[in-house]
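The residues making up each chain are set out below.
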Amino acid sequence: PLPTQEDLAGLRCRLQRVKALAQLAQLPPVPAGASPNLRSRLEQVRQLELRIHEKKAGSRAALGARPSGDTGVAAPAAEAGSEKPPAYQRFHTLAQDLPPGLTLPYKFKVLAEMFRSVDTIAGMLFNRAETVTFAKVKQGVQDMMRKQFEERHVGQIKAVYPTSYRLRQEKNIPTFGNGVKKSDYQLTLEPVLGEEEKVDGRPHLSASRLLERRKEFNRNLVNIVKQHHKAFLAALSPPMVVPEEKLTRWHPRFNVDEVPDISPAELPRPPQEDRLTTAQEVLSTARGMLTPKMEKALANLAVRTAEAGAGEPVASKVPSPASTSSALKGVSQALLERIRAKEAQKLQALMTREPQQEERLAMLGRLPAMARILRNVFVAEKKQALTMEVACARMADSYDVQMPPG
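Criteria and cut-off values
Residues numbered from 1 in each chain as written. Predicted model: local features only at pLDDT ≥ 70, side-chain atom pairs only at ≥ 80, totals over all residues. Heavy atoms only, no water. Helix = DSSP H or I, 4+ residues; strand = E, 2+ residues; numbered from the N terminus. Contact = heavy atoms within 4.5 Å. 1 Å grid on protein atoms, 1.4 Å probe; cavity = no way out; pocket = protein on both sides within 12 Å on 5 of 7 lines; lining within 4 Å. Points joined across faces, edges and corners; volume = space filled by probe spheres on them. Phe/Tyr/Trp six-rings, centres within 6.5 Å; stacked < 30°, edge-to-face > 60°. Buried < 20%, exposed > 50% of the residue type's maximum accessible area, 1.4 Å probe, protein only. Lys NZ or Arg CZ within 6 Å of the ring centre and 35° of its normal.

Draft legend 1. Expanded view of the side chain of T133. For T133, the location among the structural elements is in the loop between α5 (106-127) and α6 (134-145). In contact with T133, not counting residues within four places along its chain, are I173, Q186, L187, T188 and L189.

Right, dumping it as structure tokens:
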């Protein structure tokens, strides 16, 4: 019979070992007058070289025996482990053509859009006196946004805006053949409304109330980002303190899109009656009915499970304070502190700048280009004076962006 691929791989491995031993045999012998310490070191070098050759031979044999289809599976698995968000999410804020302000990360904007969609669908069902289930809302949100919507997103909405919905687990809800039994528990959502929001004696979710809830949700998202921004400012050197009511934009070095995701709030779970899920419950229920060996094994499993579940909370990453680089060695520390304090003062003024100041600075920034255009107008017209109407019309026609009249 013909030799298989494994036999060939074994023969290659044995040949590599023979070659390695032959190379070691060709090494020069240890001198007779060498000390015992030198002899032991040379022997360690020989052993180490022999191991290296054996490992190389084994790896080559393994590569030769591996089927060609296995290499294509390992590469995607390695890539999936180091997967990171795409660039349009990581640099979403930088790509927005918007005036500077308290912008939100991409994932927060997606969550705000999900809340708007959930509110729209839940409002329609609630006003029709239908029970708002998660299955109905999920299908509607996915049709509107073309994005996946899960219970985790409902938990995030509950964490951002706790008083938006009243969540419950209910059964005996008509399902109309969507694959869920009527006797199964389903997650239901009920908008929380005030006593004054009633039509014909029944609560009604109006369009104005939907707009108020959307604004409240966005305010809560901005407040969450403000907390992370406050921790970032406190970790700077020197630390900065900016009142939240005066904050109009983020710090230039604060990466908004790297704000951690919102931890979902706990959702109500369907009641589980007489269902054993852990080794501790099995042990407490079946105590006395099992052999001592089985009870001991269950007790050890319960202890290991409890130890694995008790993990320490992960500390949030904060930027380390700026350290003195090698280029600044020899510079007075007092001078560095004054420069840093001045820079912090400028950044604080930038973050608390009013919208009126922004408009004035934008107008001042347009003046050099307007002066050049006006000079060119006078040169082209070959006149010493022009009427205001003609000058303004030429300026509006020649400027690179549309200018308001006046």
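Draft legend 2. Seen up close, empty space enclosed by the protein. Within this structure, the stated rule accounts for 2 cavities of 30 Å³ or more. By volume, the largest cavity is sized at about 60 Å³. Lining the largest cavity, in full, are V118, F149, V154, I157, K158, S164, Y165, L167 and L189. Here the lining of the largest cavity takes 3 residues from helix α7 (residues 151-160), the largest share from any one element.

Draft legend 3. How the structure looks around the packing of aromatic side chains. In this structure the tally under the stated criterion is 5 aromatic pairs. Note on F232 and F254: the rings are 5.5 Å apart at their centroids and 55° apart in plane angle, and the pair reads as tilted. Highlighted residues: F232 in helix α8 (residues 207-234) and F254 in the loop between α8 and α9 (279-285), separated in sequence by 22 residues. Accessibility classification places F232 together with F254 in one group, the buried group. Taken together, F115, Y161 and F217 form an aromatic cluster joined through their ring pairs. R213 extends its terminal NZ or CZ atom over the ring of Y165, reaching a point 4.9 Å from the ring centre.

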